[in-house]
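Analysis of the macromolecular model
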Amino acid sequence: MILITPIVIQPPRRTDRQGPQTRVFLVVKAGGAPISGDMSANPYPQFRALFFAITITTLVSSPTRADDAAVARAAYKQSFINNDFSYLDDPEYQGHFLGEQLKRLRPCSDITIDLGGRFRSRYHNENNLRGGRRLTGASDEFLLSQTLLFADVHIGDNLRVFGQAIDATSDGEDLPPRGSEVNRFDMQMLAVDALLLSRGDDQEWWLRFGRQEMYYGSQRLVASRPWRNTPLTHDGVRSWWKSDSAQVDAFWVRPIDPRQHRPDDHNFDNPDQSRQFYGVFGTAKTDAARHDLYYFGMTEDDDLVQTFAGVPGGFDVHTIGGRVIRNEGEIRFELEGGYQFGSFSTSRQSAGFATVGLGHTFEKLPFKPTTWLYYDWASGDGDLTDDVHGTFYQLEPRGHFYLGLADLTGRQNIQDLNLQTSLAVSDDLECRIHFHNFWLADSRDALYTNGGAASFQDPTGAAGNEIGHELDLQLRWSISPRAHFLVGYSYLWAGDYFDSPVIQGGPAGIAPNGASGNNGEFTYIQSSLRF
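Quick look at the structure, then. Position numbers for residues count from 1 along each chain, tracking the sequence in the order it is written. In view of the model being predicted, local features appear only for residues whose pLDDT reaches at least 70, and side-chain atom pairs are presented and counted only at 80 or more, with totals across whole chains, interfaces and linings using the full set of residues. Note: side-chain values were computed over all heavy atoms of the structure, leaving out hydrogens and water.

1. Overview of the overall build of the protein chain
Each helix and strand counted, the protein chain has 4 helices and 22 strands in total. The buried label goes to any residue with under 20% of its type's maximum accessible area, the exposed label to any with over 50%, and the partly exposed label to all in between, with areas taken from a 1.4 Å probe on protein chains only. Counting only residues that meet the buried cut, the protein chain has 52% of its 531 residues in that class. In this description, contact between two residues means that some pair of their heavy atoms is separated by no more than 4.5 Å. Intrachain contacts of the protein chain at a sequence separation of at least 6 include 63% that bridge at least 24 residues. Segments assigned H or I by DSSP are reported as helices when at least four residues long, segments assigned E as strands when at least two residues long, and all are numbered from the N terminus.

Below you can see the structure in the form of structure tokens.
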């Protein structure tokens, strides 16, 4: 048996700018005497993390064929509504993994039922990074726990009902949890799929209505945000046509606002009746390339709702964009961008974003490293008093994945030049190293949070645009197709921008300001079990 025991040895917190603090993690293989560590700083969440890790190790499956393990692992998707357990119908399959006895249940010939879920636990130590706004001096450590339970009922080949419940908690914190961290005993998804038309073996037209998660393409603009303890979900309708090499989606939904989970969550989630999200997304792929073309629209009808710029009036923004990603041997290339128009409060919206990346996989080197160099840009507004609003509105992005794991900024008024390397240490172990350099696109506009709210601003631009640098280290271990372990560390060097008296002072422009002027650290340990 393998025993995974995370132990955090934590010196007194420091938020000065003299360099990173020391954190010690012990990942210990079994055999030998029990291991103990100092857990006195905050014993409850660390005990929960340790208990969860031990639980995982007792359920690790015995060795099996590599092909069987690969198909069992691939059955689970980012959003469980897209899971595919049809591999269990293959008579050649010989694997035996946790939860498979709950799949492909057939109470009668026309009904197939898949039952399952996931337990996930993640320990956070956030030093000068707590709260929706980072680098304000707030620190905390706590444990996020998430339970997902799903039932997937297929009625023949033309009808399907999918339901997924969620229970998300936060324990051991000193400060109030974020709205994205808690959702007690709620319905995350409940949707019906119907096959409207089928032509041959490779062309189908489907309709889905109900509560559902969504993500498209690179997920830079539309994502379910799987890192969050409470992933994004929506009520509405979606329809798609697909073939072997192309797919076209159209949707109209109302988002589920996570703010309703605070301060006390006792009610069933309701959609935001004043906000609409709609769009069309098309993709075509070949062996060497993929091309995406899309339109997304979002409308806020409530004139009393403040926009992310802190002014009332609602908004009606429309984004047209595209993406191409191409592989040529060991060379990879990605380009994505879009233009945004419409209205923003009483102003005309005119904004945009762009991403360009060049990557290379070194197949002949040890660990086969894949390295990407990316440049991300999203427009800002140099004059918030005129009748043109130039700050890009990021919609519902997977910012945590692209713009630094410390979640300092969103895809609004930002530039990010980043270098990313992943190392395949083994088939089941991956190491990731990312380094980000952040600047404001326009020094007079605000720095926005990963949720899109204005965080800091010097309306004169005198604070400059050097936001800082971030180093992200991450180790991912796939213990089995059902059990996974993740440990990570991020250090954020605050740039000259945060030395400004304006940024460290009180409100200015559309932002509350109040930066501490110090660096930030983020340490996390996550274990998850799917069944």
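Once you've had a look at it, read on.
2. Description of the environment of Gly131
Tracing the backbone through its elements, the reader meets Gly131 in the loop between strand S2 (111-127) and strand S3 (140-155). Taking the C-alpha atoms as reference points, Gly131 and Pro177, separated by 46 residues in sequence, lie 8.0 Å from one another.

3. Digging into the pairing of strand S11 (residues 315-328)
Strand pairing follows a simple DSSP-based rule, namely that at least 2 bridges must link the two strands. In terms of strand pairing, strand S10 (residues 289-300) meets S11 through 12 bridges, oriented antiparallel. Residue Met298 lies in a different strand from S11, and its bridge partner there is Val317. Where S11 hands over to strand S12 (residues 331-344), the hairpin turn is made up of 2 residues, of which Gly329 adopts a positive phi near 65°.

4. Overview of the packing of aromatic side chains
The criterion for an aromatic pair is that two Phe, Tyr or Trp rings (for Trp, the six-membered ring) have centres within 6.5 Å, with stacked assigned to planes under 30 degrees apart, edge-to-face to planes over 60 apart and tilted to the rest. In this structure the tally under the stated criterion is 29 aromatic pairs. Here the aromatic rings of Tyr294 and Phe296 are separated by 5.0 Å at their centres, their planes lie at 20°, and the arrangement is stacked. You can call Tyr294 buried: its relative accessible area is 5%. For the ring pair Phe522 and Tyr524, a centre distance of 4.8 Å and an interplane angle of 35° mean the geometry is tilted. Pair check on accessibility: Phe522 and Tyr524 agree, each one buried. An aromatic cluster of at least three residues, connected via ring pairs, comprises Tyr216, Phe251, Phe277, Phe281, Tyr294 and Phe296. Over the face of the ring belonging to Tyr402 we find Arg220, whose NZ or CZ atom lies 4.3 Å from the ring centre. Ring-over charges, as used throughout, are those where CZ of Arg or NZ of Lys falls within 6 Å of the ring centre and within 35 degrees of the ring normal. The ring of Phe401 has Arg398 sitting right over it, with the charged end atom 4.6 Å from the ring centre.

5. Structural notes on a nonpolar patch on the surface
Taken together, Leu196, Leu197, Trp205, Trp241, Val248 and Val280 make up a surface patch of nonpolar side chains, about 520 Å² in accessible area. Relative to the helices and strands, Leu196 is located in strand S5 (residues 183-199). To count toward a patch, a residue needs a relative accessible area above 30% and no salt bridge. Like charges then connect within 9 Å, nonpolar side chains (Val, Leu, Ile, Met, Phe, Trp, Tyr) within 5 Å. Method for areas: the Shrake-Rupley scheme with a 1.4 Å probe, in which residue coverage is limited to the protein chains shown. The working definition used for a salt bridge is a side-chain nitrogen of Lys or Arg within 4 Å of a carboxyl oxygen of Asp or Glu.

6. Some points on the side chain of Gln212
Tracing the sequence through the fold places Gln212 in strand S6 (residues 203-212). Polar side-chain contacts of Gln212 include one of 3.3 Å to the backbone oxygen of Gly210. In this view, Gln212 contacts Met189, Thr233, His234, Gly236, Val237 and Arg238; residues no more than four positions away in its chain are not counted. For this analysis, a polar contact is any N or O atom pair within 3.5 Å, provided that within protein one partner can donate a hydrogen and the other can accept it, and provided that sequence-adjacent residues contribute only side-chain to side-chain pairs.

7. Thoughts on the nonpolar core
Put simply, buried Ala, Val, Leu, Ile, Met, Phe, Trp, Tyr and Cys residues joined by side-chain atoms within 4.5 Å make one nonpolar core. Counting residues in hydrophobic clusters, the biggest one holds 42 residues, and the most contacted among them are Leu221, Phe277, Phe296, Leu447, Ile467, Tyr497 and Phe498. Contributing elements (two or more residues each) for this core: strand S8 (246-255), strand S9 (275-285), S10, S11, strand S13 (347-361), strand S21 (483-494) and strand S22 (520-530). Excluding its chain neighbours within four sequence positions, the residues that come into contact with Leu447 are Leu408, Thr409, Ile414, Leu440, Ala453, Ala454, Ser455, Phe456, Ile467, Tyr497 and Phe498. Formed by 17 residues, the second largest nonpolar core is a distinct cluster that contains Ala69, Phe80, Phe85 and Leu148.

8. As for the environment of Ser243
Mapped onto the fold, Ser243 is located in the loop between strand S7 (234-242) and S8. Separated by 40 residues in the primary sequence, Ser243 and Gln203 have C-alpha atoms spaced 4.5 Å apart. Ser243 has contacts with Asp202 and Gln203, leaving out every residue within four places of it along the chain.

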